Every structure is written in C-alpha cells, then in structure tokens.
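# A closer look at the structure
Here's the letter readout for the chains.
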Amino acid sequence: MACVLTLSAFAAPRAFWSESELSALRGLWIGSLKPLPPDPSNRVADDPRAAEFGQRLFFDTRLSGNGKVSCASCHAPGKQFQDGTPLATKGLGTTDRRTMTIIGTAHSPWQFWDGRKDSQWSQALGPLESAVEHGGNRAQLAHLAARHHRTEYEALFGPLPDLASVPAHAGPVQDPAARAAWERMTPAARDAVSRVFSNLGKAIAAYERQIMPGASRFDSYVEAAIRNDVQQMKATLTPDEVAGLRLFLGKANCLQCHNGPLFTNNDFHNTGVPFAKGLTSDTGRSAGVKQVLGDEFNCLGPYSDARPEQCGELRFLVTDSPNQLRQYRPPSLRNVAERAPYMHAGQLDSLDQVVEHYNRAPAAPKGHSELKPLNLNDREATQLIAFLRTLSGPVAADPKWLREPVAH
C-alpha cells in the first residue's frame, strides 16, 4: 500500500500549487480586481446619463475635421477597442504610436504609452485636436454641442455659454487659420470654449469607464485551483498552458511589469524595444512627464473637478529620472493574443516575436533596458505563448455599450 501511495504521489499532476503560488494566482485573477476607483477630476464620471451621452459622442463622426472620424474609428469595439494596425491610421493621417485598447484603462492613473495624460477625459481630448487623428478644434466642437447635444449637455454641466461671437473654427491647433482665430478671442471666451471642450471629454470618459475585461479560461482555472478542484483544473488548461503559467510566474520574469488582475502594473519600463522606422526621436516617458505637467487639462488644471490634495499621482510625480528615457507603459495582457501587432509602434508582429525579444534581451537603442536574457528553450517559449492565449475573454460590459447607439 505504501508503495502505491508513493507512486501516486509521483504521478500527481503539476497542477497542484503551493500556498505562495496560489497567492500569486489570486493576485492575477479577475476576481481580485478592485472596484473602479472614483475620478475626482471628473464629477460626472459615474453618472449614467454622462455614460450614455459619452457613448453617442464616442461614435459621432461629426467630432472631426472631415466628418468621417469618430473615437470608434481607432478604438473599434469589434477589435478589442483598438485598430489592429502598427500605427493608428483611421484618422486624417498616421500617428507615431500604436492605438492602445481602452478596455480597463479607467484603472490606470496614466494614459497613452508615455503617460502624457492623467485621466481618461483628458486623454479623450488629445485626438480630437490632433491634425492626424480627428483634426477638429475646440470652437467647432463647442458649436456642435450647442447644435446637436444641448439638452444632454446642459442636463449634466449646466447652461452652455453664448457662442454667438465664437468663430466656427478656432483652437490652439496646427491649422494656422483656426489658431489665429483662437488668438483673437478674448481670454474669457477661450476659457468658456475650453470648458465645453473638457466637459465633452468627461462625458466620453464616463462611457469608457463602462468597458472592462471579462473572465478568461485562466480565471476559470484559478477559481478551480482555489477550490483545489484538480479535475476541473485539468479540464480548463492543457499541460502546456499550465507549464507556460509556471514560466510566467517564474523563469520568464513577466510579473516584473505584468502583474495584478489586469496583468499590468501601469508603470513605465524600458524593455529595449527597437526603433520603428522613421520614429527614432521617440523618447517615451521622458517627454510624457513634461507633457502631463504642462497640460491645461491635467488633474491640477483649471478644468479639473478635483481638489489639489486629490491629485497625488501628479503632485508627487518623478520628473528628473534619466531612467525615463524610452520607458513605455506596459499594456494589459488580457486578450493580448487578439491584439497584434505589439509594442508602442507595432514593431513586433506576433507573440512569437515578442517572446523572442524578451528571451534575447537586446540592448536598448536609447536609455537602459531592464531586460536580462531569459534562456527559454523552444519548448518553453511555445508553452509561454500557449498560456498567454488563455488570457483571451469577453469584454465585461452591458451589450448596449458595445454597439453604436441609435442616432437621435
């Protein structure tokens, strides 16, 4: 009998986890995701009326210079709220960065790859005025709100200002005519228009806060592991996927950047990503820090609803670290297999190339890379990728948020 028990012990599947390993799995489990924190800079962030208004704005192509570009053009619900291209190309031109998904980004204190925005509402404003994205301007959008969204806007933000003397097109944008018109406006008129502009961003953010990741096969596996339900564990992940998970937790060193239930620490890292063709001047977080501090729409700015003491991330921001050169924010790995290509400018086409990059740990083209060679063999690399594919799951949102609303 003792011999049988000993053989059974050796035959037991590696699906059994130690207490420390179970703790690590719980930390990655979607069930550990904390309730969405409030955004003190946006007083309508959790107002259902603002979310419905923001959804209409998100899909409204009139929020662009040519009437053809909406937020959904690059953040398409059917493509994981991104566009699947190396560089964003669905607007009026081509940007110098990959479109990040908005799924779960309400949990991040920083937006964009370089963190140049510190809220979803502030992030939403950038593309609206970008010459290569929406190509719009503040005066145009304020007039649009007055013509087509007055009732919804005023129910949330109070009376719209008198825009009779405001030019049809004006704003601090690249277009010389619109910029000149903006500079001719009085400071009070510019402030009134900028406030309307910021409020439109706040409504869009209220919508985007509804878009969260759902449970994946990995999460089902963790639930089974917590119950010590070995049969269900074996039915949920294959041996190679479990082996990949063990590599993720250990030898592959993925937790350094991709931890927590969203599989990102929302910090910034230089991982030696190669230059993209024609984009060698991109300095990442080094530039993003300066931009967010100088942004009139940041948490401490005049259009924020927050008190200064509620803006801790910005107030205590490190601004002078040489390590920030070419650091970028690691995106969530949830649904990562559905979001090729990869890295901040789509430099890597596949998960195979991503794992190869981290395995080799090449020197950074600028700054200092945090990577060290992983020494994964071919079998281990395949297993790690197999695990990453188990992170695919649905978007955890009411179906009404995932489709274009009926115009009215």
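As a reminder, the structure under discussion sits directly above these lines.
So, here's what we can say about the structure. (Residues numbered from 1 in each chain as written. Predicted model: local features only at pLDDT ≥ 70, side-chain atom pairs only at ≥ 80, totals over all residues. Heavy atoms only, no water.)

A word on the overall build of the protein. A tally of helices and strands in the protein yields 16 helices and zero strands. In terms of overall size, the protein behaves like a compact globule, its C-alpha atoms giving a radius of gyration of 23 Å where 408 residues would be expected to give roughly 22 Å. Oriented by its inertia axes, the alpha-carbon framework of the protein measures out at about 90 × 45 × 40 Å. Out of the 408 residues belonging to the protein, those deemed buried represent 54%. The long-range share in the protein, meaning contacts at least 24 apart out of those at least 6 apart in sequence, stands at 72%. (Helix = DSSP H or I, 4+ residues; strand = E, 2+ residues; numbered from the N terminus. Rg over C-alpha atoms; globule rule 2.2 N^0.38 Å. Buried < 20%, exposed > 50% of the residue type's maximum accessible area, 1.4 Å probe, protein only. Contact = heavy atoms within 4.5 Å.)

What follows covers the state of the cysteines. Under the counting rule described, the total for this entry stands at one disulfide. Looking at the unpaired Cys 74, the closest cysteine sulfur is the one in Cys 71, lying at 9.2 Å. Assessed through its relative accessible area of 13%, Cys 74 is described here as buried. Not engaged in a disulfide, the cysteine Cys 257 finds its nearest cysteine sulfur in Cys 254; these two sulfurs lie 9.1 Å apart. Judged by its relative accessible area of 11%, Cys 257 falls in the buried class. (Disulfide = S-S within 2.5 Å.)

Turning our eyes to something else, we now look at the layout of surface pockets. As a volume, the largest pocket reaches approximately 1000 Å³. Along the wall of the largest pocket there are 47 residues; nearest its centre are Phe 112, Arg 116, Gly 126, Pro 127 and Glu 133. Mapped onto the lining of the largest pocket, the elements with two or more residues apiece are helix H4 (71–74), helix H5 (120–129) and helix H13 (285–293). If you tally residues by element for the lining of the largest pocket, the top one is H5, at eight residues. Looking at side-chain class alone, the lining of the largest pocket contains 16 nonpolar, 18 polar and 13 charged residues. Taken together, 38 residues line the second largest pocket, and the ones lying closest to its centre are His 258, Leu 333, Met 343, Val 354 and Tyr 358. No other element matches the four residues that helix H15 (residues 351–360) contributes to the lining of the second largest pocket. Within the lining of the second largest pocket, the residues separate by chemical class into 24 nonpolar, nine polar and five charged. (1 Å grid on protein atoms, 1.4 Å probe; cavity = no way out; pocket = protein on both sides within 12 Å on 5 of 7 lines; lining within 4 Å. Points joined across faces, edges and corners; volume = space filled by probe spheres on them. Nonpolar A, V, L, I, M, F, W, Y, C, P; charged D, E, K, R; others polar.)

Read these as geometric descriptors, not functional statements.
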